[in-house]
Amino acid sequence: MARGKKILIMGLPGAGKTFFASYFAHQYLAGGAKKEQNEQPRFTKVLIVSPNSSVKKGWSEEMEKFKRYVDYNYSTHTLHFSNARITNPMTRDNIIGITITYHFLEKNQEDLRREVDSNTLIIADEIHHCGDNKSWGEALRIVGENAGFVLSLSGTPYREDDN
């Protein structure tokens, strides 16, 4: 990924990281705020990764406040095969993305990597969890290498377990 396409936002629990990231997504997804000269490019889809199912549902609810809809029920069972080509809810009308867990990302990284491109914004919530299982971090790196932008969030600035 080119320099300048990743950023880490750190803040205490309750500081507004989720709100900020949802607002950021709203502003930079197609149809958001009016684009000014030299402004960051627009994205057409968002992939939100979080550590567990309750957090990913929360993301769906937060994005709805901005009239942006992400599929929090996304699973391998919702992949559709058409002409031997994988398509998914990331490209459906009125749904601008999906929210998944790091575990799901790791298990389905090849399918997801094919869907992520320069028009994709990735939000990696609670990124410090990638240290719990280093393969989660590797999966995020692989899936995100072609993303237009990766916004990572954490309330844990360092870990004492060297992960």
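Only a predicted model underlies this, so the values are computations on that prediction, with no experimental measurement involved.

Chemist: Help me understand the packing of aromatic side chains in this model?
Modeler: Remark: the centre distance and the inter-plane angle together describe each pair of aromatic rings, the angle taken between the planes. Counted under the stated rule, the structure contains 7 aromatic pairs. For the pair F20 and F24, a centre-to-centre distance of 6.1 Å together with 35 degrees between the ring planes defines the contact as tilted. You can see F20 and its partner F24 sitting in helix α1 (residues 17-28), 4 residues apart, about one turn around the helix. Since its relative accessible area comes to 16%, F24 is described here as buried.

Chemist: Is there a simple way to explain the sheet that holds strand β8 (residues 149-154) in this structure?
Modeler: The strands that make up a sheet are held in pairs by hydrogen bonds between backbone atoms, and each pair lies either parallel or antiparallel. Ordered by their spatial adjacency, 6 strands build an open sheet running β1-β8-β7-β2-β6-β3, and the pairing between neighbours is parallel. The sheet is open, and its two edges are formed by β1 (6-10) and β3 (70-71), each paired on a single side. Taken together, the 2 bridges between β3 and strand β6 (residues 97-101) define a ladder with parallel strand orientation. Each bridged residue has a counterpart across the sheet, and for D71 the counterpart in β6 is I98. Contacting β1, β7 (120-124) and β8, α1 crosses the sheet at an angle of about 165 degrees to β8. Each of β2 (45-50), β7 and β8 is contacted by helix α5 (residues 134-144), which is oriented at about 165 degrees to β7, the strand it contacts most.

Chemist: Can you help me understand the pattern of salt bridges in this one?
Modeler: As a working rule, side chains carrying opposite charge can pair if their charged atoms are close by. Counted under the stated rule, the structure contains 7 salt bridges. When the shortest N-O distance is used, the salt bridge between D117 and K45 registers 3.6 Å. Residue D117 is found in the loop between α4 (109-115) and β7, and its partner K45 is found in strand β2; the two are separated by 72 residues along the sequence. Here D117 falls in the partly exposed class, since its relative accessible area comes to 29%. The class for K45 is buried, based on a relative accessible area of 8%. A salt bridge links E61 to K57; the shortest N-O distance between them is 2.9 Å. Remark: K57 and E61 occur in helix α2 (residues 53-64); sequence separation between them is 4 residues, near one turn of the helix. For E61, a relative accessible area of 43% translates into the label partly exposed.

Chemist: I'm lost on α1 in this one. Help?
Modeler: Compared with an ideal rise of 1.5 Å per residue, which puts 12 residues at 16 Å, α1 spans 16 Å between its outermost C-alpha atoms and is within 8% of the ideal. Buried within α1 we find K17, A21, S22, F24, A25, Q27 and Y28.

Chemist: Looking at this structure, I do not really get the packing of α1 against α2. What am I missing?
Modeler: The axes of two packed helices give the description: the angle between them and the distance between them. Contact geometry of α1 with α2 gives a least axis separation of 9 Å together with a crossing angle of 55 degrees. Between α1 and α2, the angle is such that the two are oblique. Like other packed secondary-structure pairs, α1 and α2 cross with a definite hand, here right-handed. Along the contact surface, α1 presents T18, F19, A21, S22 and A25, while α2 presents W59, E62 and M63. The residue inventory of the contact of α1 with α2, partitioned by class, reads 5 nonpolar, 2 polar and 1 charged.

Analysis parameters
- Residues numbered from 1 in each chain as written.
- Predicted model: local features only at pLDDT ≥ 70, side-chain atom pairs only at ≥ 80, totals over all residues.
- Heavy atoms only, no water.
- Phe/Tyr/Trp six-rings, centres within 6.5 Å; stacked < 30°, edge-to-face > 60°.
- Helix = DSSP H or I, 4+ residues; strand = E, 2+ residues; numbered from the N terminus.
- Buried < 20%, exposed > 50% of the residue type's maximum accessible area, 1.4 Å probe, protein only.
- Pairing = 2+ DSSP bridges.
- Contact = heavy atoms within 4.5 Å.
- Axes fitted to C-alpha atoms, helices over the stretch in contact; angles between N-to-C directions.
- Salt bridge = Lys/Arg side-chain N within 4 Å of Asp/Glu carboxyl O.
- Expected span 1.5 Å × (residues − 1).
- Parallel < 35°, antiparallel > 145°, perpendicular 65-115°, else oblique.
- Left-handed = near helix turned anticlockwise from the far one by under 90°.
- Nonpolar A, V, L, I, M, F, W, Y, C, P; charged D, E, K, R; others polar.

These figures capture arrangement, not role.
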